[in-house]
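The residues making up each chain are set out below.
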Amino acid sequence: MKKRFMLVLAFLSACNFISFAAENAATYLLENKIPVYVKNIEDSEFAAVCLVFKGGTRYLTPQTSGLEENCLTLLSMGSKNYSYDSLKTFCYEKCSSLSNFSVEEGSVFKMECISRYFDETFLRFEDVFFNPLFSQKEYDLLRTSLSQTVQRMQNDPESMIFYSMDTVLYQDHPFAAKVSVTPESIENITLDAIKKYYASLFDSRRISFVASGNIDAQKLVSMLNRSFGKIQAGKNSLRDFDVPPLNLKGEPVVLVSPGASGASFIARVFPSPAVTDPDYVPSRIVASIFSGILHNVVREKNGICYTPFTTVMSSDAPYGFEYLYRATNLTDFSRVMDESRKILEEGKTISSVDSSGNYIYEPVSSRLEGYVNSYITSKYKSQTSVGGISTRMAASLLQFGDVTTGDELTAIARKTTADDIVRVFKKYWLSEESRWFAVVGPGEEDKIQF
């Protein structure tokens, strides 16, 4: 459902918070023209390096979903010179980490460390990439984890609804291939398939590096040149293409799960702006404002569900959705959600409730600054450590093709007006192109009323 930044160590994210502007990053080229972007922070005690692969799901099919992500995961589970156990011990003792994450546009293989252990960590980072162990023992551990993930997707009602939304909405779309493993692809994520895919990563045209922290840039370039600088350009055509928008129209999709008995999971999807669209940032702010309204109307006033909220995805072909977590009323939720939409459609928010239970409204304009600040804080609070800085730069590189555009979203947020909020809400949340999804208990599929 959401873009994943799962394997960055929490203690590194909590340490060494620093303000950051990626526009100050220096750019270098390796001998094979691979770009290296370095944000040097001299007063930091930490360093991070991201190996960035452009392309992502464009190099996968629905039947190989998750192959790139799990290829990189297996890399960090041992090399010819460093066993998995020795890597874990080193990372624990030296406060270092090897991790990876993938999004639709590509993947990142990352190292983080205390600066004084940079050389030792880099040796392991380098070795696991060029000399992966690809051991059957470690693969079996990975496969067990993948099986548990798929089991949750098939049996957990909340996982079921999000997997259903993705599968149905992206059918026959270039993004039908998924970043992570699916029930349809798990049998194809074999050790041999991972080894074959690993070989395809050696294409200098797909590779970039991003580094941040207390780093000697010239030394880093020299270290990268001795190995990564020798990677040649691939001979196959790069897979890059325009991504069409989604077609969201269709009949409601209702699934059945015993785990949803008496407490259903309901979502209404609607169009949302691509991450490169000027409406993207306002739409994120709208989602925050409207989630508050949904909480007041859907939960507090009407008791429809345990938690309602809305959000939009960060993608080149996204959708947004309104979501009811554990809904106990299957007949009135649609009407109550309509009631919620009318409030923001009229440019209002709910500030409080009087003694008679009536809403006290405020115009969006009077509370917009707080929502803008909340958006900026939530976007960057986990990305202001050295590791977070490199992650943000890498994500911007994959999403926008440079390391700086991601930071420009803050300026867009500050320029967002109340008129923008209402306009964007009407354009997307009130779009007629929408569709319902639900997971209900056995025997409840005929009771739900959209």
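Definitions and cut-offs
Numbers given for residues are sequential positions, taken from 1 along each chain in its written order. Reporting of local features is limited, given that this is a predicted model, to residues whose pLDDT is at least 70; pairs of side-chain atoms are given and counted only at 80 or more, and all residues count toward the totals for whole chains, interfaces and linings. Side-chain metrics in this entry use all non-hydrogen atoms of the structure; hydrogen atoms and water are not considered. A carboxyl oxygen of Asp or Glu within 4 Å of a side-chain nitrogen of Lys or Arg is what we treat as a salt bridge. Only DSSP runs of H or I covering at least 4 residues are called helices, and only runs of E covering at least 2 are called strands; the numbering of each starts at the N terminus. Accessible area is worked out with a 1.4 Å probe on protein chains only. A residue is then buried under 20% of its type maximum, exposed over 50%, and partly exposed in between. Whether two residues touch is decided by their heavy atoms; if any such pair falls within 4.5 Å, the residues are in contact. Buried Ala, Val, Leu, Ile, Met, Phe, Trp, Tyr and Cys residues form a nonpolar core when they are joined through side-chain atoms within 4.5 Å. Centres within 6.5 Å are what make two rings of Phe, Tyr or Trp a pair, Trp counting through its six-membered ring; a difference in plane orientation under 30 degrees is then read as stacked, over 60 as edge-to-face, and the rest as tilted. Whether a charge sits over a ring comes down to the Lys NZ or Arg CZ being within 6 Å of the ring centre and within 35 degrees of the ring normal. Across the chain, each position has a pLDDT score giving the predictor's confidence in that residue, from 0 to 100. Using a 1 Å grid laid over the protein atoms alone, points where a 1.4 Å probe fits but cannot get out form a cavity; open sets with protein on both sides within 12 Å along at least 5 of 7 lines form a pocket; any residue with an atom within 4 Å of a point counts as lining. Grid points are joined across faces, edges and corners, and a volume is the space filled by probe spheres set on the points. Think of it this way: DSSP has to see at least two bridges between two strands before they count as a pair. To get an axis, a line is fitted to the C-alpha atoms, and for a helix only the part in contact is used. The angle between two axes follows their N-to-C directions and goes from 0 to 180 degrees. Any angle between 65 and 115 degrees counts as roughly perpendicular, while under 35 counts as roughly parallel, over 145 as roughly antiparallel, and the rest as oblique.

A.B. asks: What should I look at first to understand the pattern of salt bridges in this one?
C.D. replies: Charged atoms that come close allow side chains of opposite charge to pair. All chains considered together, the criterion is met by 18 salt bridges. Here Lys230 and Glu31 are joined by a salt bridge, their closest N and O atoms 3.5 Å apart. Separated by 199 residues along the polypeptide, Lys230 in the loop between α8 (217-225) and β7 (253-256) and Glu31 in the loop between β1 (26-29) and β2 (35-40) bring together distant segments of the chain. With a relative accessible area of 54%, Glu31 lands in the exposed category. In the salt-bridge network here, residues are joined through shared partners; they are Arg268, Glu322, Asp338 and Arg341.

A.B. asks: Just to check I follow, could you spell out α8 for this structure?
C.D. replies: Each α-helix winds once per 3.6 residues, and so residues spaced three or four apart point in a common direction. Listed in full, the buried residues belonging to α8 are Ala217, Leu220, Val221, Met223, Leu224 and Asn225. Taken together, the buried residues of α8 touch β1, β2, β3 (46-54), α4 (118-130) and β6 (207-213).

A.B. asks: Explain the nonpolar core here, please?
C.D. replies: The tendency in soluble globular proteins is for nonpolar side chains to be buried as a group. Grouped together as the largest cluster of nonpolar side chains are 53 residues, with contacts concentrated most on Phe118, Phe125, Phe209, Leu220 and Phe228. Not counting the four nearest positions on each side in its chain, Phe228 is found in contact with Leu30, Asn32, Ile34, Leu51, Phe122, Phe125, Glu126, Phe129, Phe130 and Phe209.

A.B. asks: Which parts of the structure should I look at to understand the packing of aromatic side chains?
C.D. replies: Given two aromatic rings, their pairing is described by the distance between the two centres and the angle made by the two planes. What the rule picks out here adds up to 31 aromatic pairs. Measuring from centroid to centroid gives 6.0 Å for Phe122 and Phe125, while their planes differ by 45°, and the two rings are tilted. Placement of both Phe122 and Phe125 in helix α4 is noted, with a separation of three residues, approximately one turn of the helix. Classification of Phe125 as buried rests on a relative accessible area of 0%. Seen from their ring centres, Tyr319 and Phe321 are 6.4 Å apart, and the 50° between their planes marks the pair as tilted. These aromatic residues form a ring-pair network of at least three members: Phe53, Phe109, Phe118, Phe122, Phe125, Phe129, Phe130, Phe134, Tyr198, Phe202, Phe209 and Phe228. Looking at Arg206, its charged tip hangs above the ring of Tyr59, at a distance of 4.0 Å from the centre. Lys348 extends its terminal NZ or CZ atom over the ring of Tyr361, reaching a point 4.2 Å from the ring centre.

A.B. asks: How should I be thinking about the environment of Tyr375 in this particular structure?
C.D. replies: On the secondary structure map, Tyr375 appears in helix α11 (residues 364-380). Taking the relative accessible area as the measure of exposure, Tyr375 reaches 9% and is therefore buried. A sequence separation of 48 residues divides Tyr375 from Arg423, and the C-alpha atoms of the two residues are 18 Å apart. Once residues lying within four places of it in the same chain are set aside, the contact partners of Tyr375 are Val281, Arg284, Ile285, Leu409 and Ala413.

A.B. asks: Quick question: what am I supposed to make of the confidence of the model for the protein here?
C.D. replies: Fine structural detail should not be taken from predicted coordinates in areas where pLDDT scores are low. On average, residues of the protein carry a pLDDT of 92, and 94% of them reach 70 or more. Per-residue pLDDT stays below 50 along residues 1-20; that stretch engages in 55 contacts with residues further than four places along the chain or on separate chains.

A.B. asks: Before we go on, may I ask you to explain empty space enclosed by the protein in this structure?
C.D. replies: Left-over empty space is what a probe sized like a water molecule reveals as it rolls over the atoms. Per the counting criterion, the structure on display carries two cavities of 30 Å³ or more. Considered as a void within the structure, the second largest cavity measures approximately 30 Å³ in volume. The wall of the second largest cavity is formed by Gly56, Thr57, Leu60, Glu68, Ser102, Val103, Ser107 and Val179.

A.B. asks: Hey, could you run me through unusual backbone geometry in this one?
C.D. replies: Backbone phi values are negative for most residues with the exception of glycine, while trans is the configuration of most peptide bonds. Of note in the backbone geometry, Lys33 takes a positive phi value of approximately 75° without being a glycine. When you line up the elements, Lys33 lands in the loop between β1 and β2.

A.B. asks: Sorry if this is basic, but what is going on with the pairing of strand β5 (residues 106-114) here?
C.D. replies: The side chains of a regular strand alternate between both faces of the sheet. Taking burial as the measure, the nine residues of β5 include nine buried ones, the bulk of the element. Alternating positions in β5 separate into two faces, Gly106, Val108, Lys110, Glu112 and Ile114 on one and Ser107, Phe109, Met111 and Cys113 on the other, with burial throughout. Two strands pair when backbone bridges link them, and β3 and β5 are joined in this way by nine bridges, in the antiparallel orientation. Opposite Phe53, over in β5, you have Ser107 as the bridge partner. Summarising the sheet, strand β4 (residues 97-103) and β5 pair through seven bridges and their orientation is antiparallel. Among the inter-strand pairings, Asn100 is bridged to a residue of β5, identified as Phe109. The antiparallel pairing of β4 with β5 creates a hairpin that spans two residues between the two strands.

A.B. asks: Explain the packing of helix α2 (residues 67-75) against helix α7 (residues 191-200) to me, please; I cannot follow it from the model alone.
C.D. replies: If you want to describe how two helices pack, look at the angle between their axes and the distance between the axes. Two elements in contact, α2 and α7, have axes separated by 9 Å at closest approach and are oriented at 90°. Classified by the angle their axes make, α2 and α7 are roughly perpendicular. Where α2 approaches α7, its residues Leu67, Glu68, Asn70, Cys71, Leu74 and Leu75 are matched on the opposing element by Leu191, Ala193, Ile194, Tyr197 and Tyr198.

A.B. asks: Would you take a moment to explain the sheet that holds strand β13 (residues 435-440) for this structure?
C.D. replies: Working definition: the strands of a sheet are paired by backbone hydrogen bonds and lie parallel or antiparallel to each other. Spatial strand order, β7-β13-β8-β10-β9: five strands in an open sheet with mixed pairing. Bordering the open sheet on either side are β7 and β9 (305-312), each of which pairs with just one other strand. Across the sheet, the mean angle from the axis of one strand to that of its neighbour is 10°, orientation sign disregarded. Pairing geometry for β9 and strand β10 (residues 319-327), over seven bridges, is antiparallel. Each bridged residue has a counterpart across the sheet, and for Thr310 the counterpart in β10 is Glu322.

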